[in-house]
Amino acid sequence: MKEFSSYLVLMFTILFWILRVVVSLTNAMYMDFPIKPMDANLEIILLFVALACIVLIAKRKTIGAMFYLVIYGIYFGTDLFNYVGRMSESSLTLDEYTNMFVSLIGLILPFIVLFELLIDKNRTKNPIDKKTDWFYKNKDYDRQLDERADKNNYKTL
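Residues numbered from 1 in each chain as written. Predicted model: local features only at pLDDT ≥ 70, side-chain atom pairs only at ≥ 80, totals over all residues. Heavy atoms only, no water.

Participant: Which parts of the structure should I look at to understand the packing of helix α1 (residues 4-28) against helix α2 (residues 40-58)?
Facilitator: Helix-helix packing: each pair is described by the crossing angle between the helix axes and the interaxial distance. Relative to each other, α1 and α2 sit at 160°, their axes nearing to 10 Å. By the criterion of interaxial angle, the relationship of α1 to α2 is roughly antiparallel. As for the relative orientation of α1 and α2, their crossing is left-handed in sense. In this structure, α1 uses Leu10, Thr13, Ile14, Trp17, Arg20, Val21, Ser24 and Asn27 to contact α2, whose residues at the interface are Ala40, Glu43, Leu47, Ala50, Leu51, Ile54, Ile57 and Ala58. Broken down by class, the residue content of the contact of α1 with α2 amounts to 11 nonpolar, 3 polar and 2 charged. (Axes fitted to C-alpha atoms, helices over the stretch in contact; angles between N-to-C directions. Helix = DSSP H or I, 4+ residues; strand = E, 2+ residues; numbered from the N terminus. Parallel < 35°, antiparallel > 145°, perpendicular 65-115°, else oblique. Left-handed = near helix turned anticlockwise from the far one by under 90°. Contact = heavy atoms within 4.5 Å. Nonpolar A, V, L, I, M, F, W, Y, C, P; charged D, E, K, R; others polar.)

Below is the structure:
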């Protein structure tokens, strides 16, 4: 993880995970909070699975990003689908719009994580460094050996 975008995406993922922890805690303590989980038990399980996925994402493993996309897509996708269906039938309250917005972020964030991870894999396979490529990738500066040069590989003690 050398790029600034990798750190930003990972930090936003961690912040979203912390928001979901706060949502679960406020729901468990029966506190009034604008964001409500769909299912409290499933939310807690999802938090632990997402934490494992975040560790894999930090290690730049593609399987972690794909699994993160699948679990968040299933959980927040059904939530968003329910809100959109209810929105077409009747008007929603402000808390429901807030939940719908958080579900939308929960759907977009895994796509961004996976996309950034795949781009980063391409960067590490084909690195470009403008500071040194002018010298190392330029044939004009290659050392030319003379035919009289000693080609023996002497070993010293």
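Participant: Please explain the environment of Gly64 as it appears in this structure.
Facilitator: Mapped onto the fold, Gly64 is located in helix α3 (residues 62-89). Each C-alpha atom of the pair Gly64 and Ile54 lies 7.1 Å from the other, and the pair is 10 residues apart in sequence.

Participant: Would you take a moment to explain the side chain of Asp120 for this structure?
Facilitator: In this fold, Asp120 is placed in helix α4 (residues 94-125). Among the polar contacts made by the side chain of Asp120, one reaches the side chain of Arg60 at a distance of 3.3 Å. Each residue touching Asp120, except ones within four places of it in the same chain, is listed here: Glu3, Ser6 and Arg60. (Polar contact = N/O pair within 3.5 Å; in protein donor to acceptor, adjacent residues only side chain to side chain.)

Participant: I tried to follow the nonpolar core on my own but got confused; where do I start?
Facilitator: Among soluble globular proteins, nonpolar side chains are generally buried collectively. Membership of the largest hydrophobic core comes to 29 residues, with the highest contact counts inside it found for Phe16, Ile57, Ala65, Tyr68, Tyr72, Phe76 and Val113. The contact partners of Val113, leaving out residues within four places of it in the chain, are Val9, Thr13, Ile57, Ala65 and Tyr68. (Core = buried A, V, L, I, M, F, W, Y, C linked by side-chain atoms within 4.5 Å. Buried < 20%, exposed > 50% of the residue type's maximum accessible area, 1.4 Å probe, protein only.)

Participant: Looking at this structure, how should I read the pattern of salt bridges?
Facilitator: Pairing is possible between side chains that carry opposite charge, provided their charged atoms lie close to one another. Evaluated as defined, the whole model comprises 4 salt bridges. Among the ionic pairs, Arg86 bridges to Glu96, the shortest N-O distance being 2.1 Å. In this pair, Arg86 sits in helix α3 while Glu96 sits in helix α4, placing the two residues 10 residues apart along the sequence. On the basis of relative accessible area, Glu96 is assigned to the buried category, the value being 18%. (Salt bridge = Lys/Arg side-chain N within 4 Å of Asp/Glu carboxyl O.)

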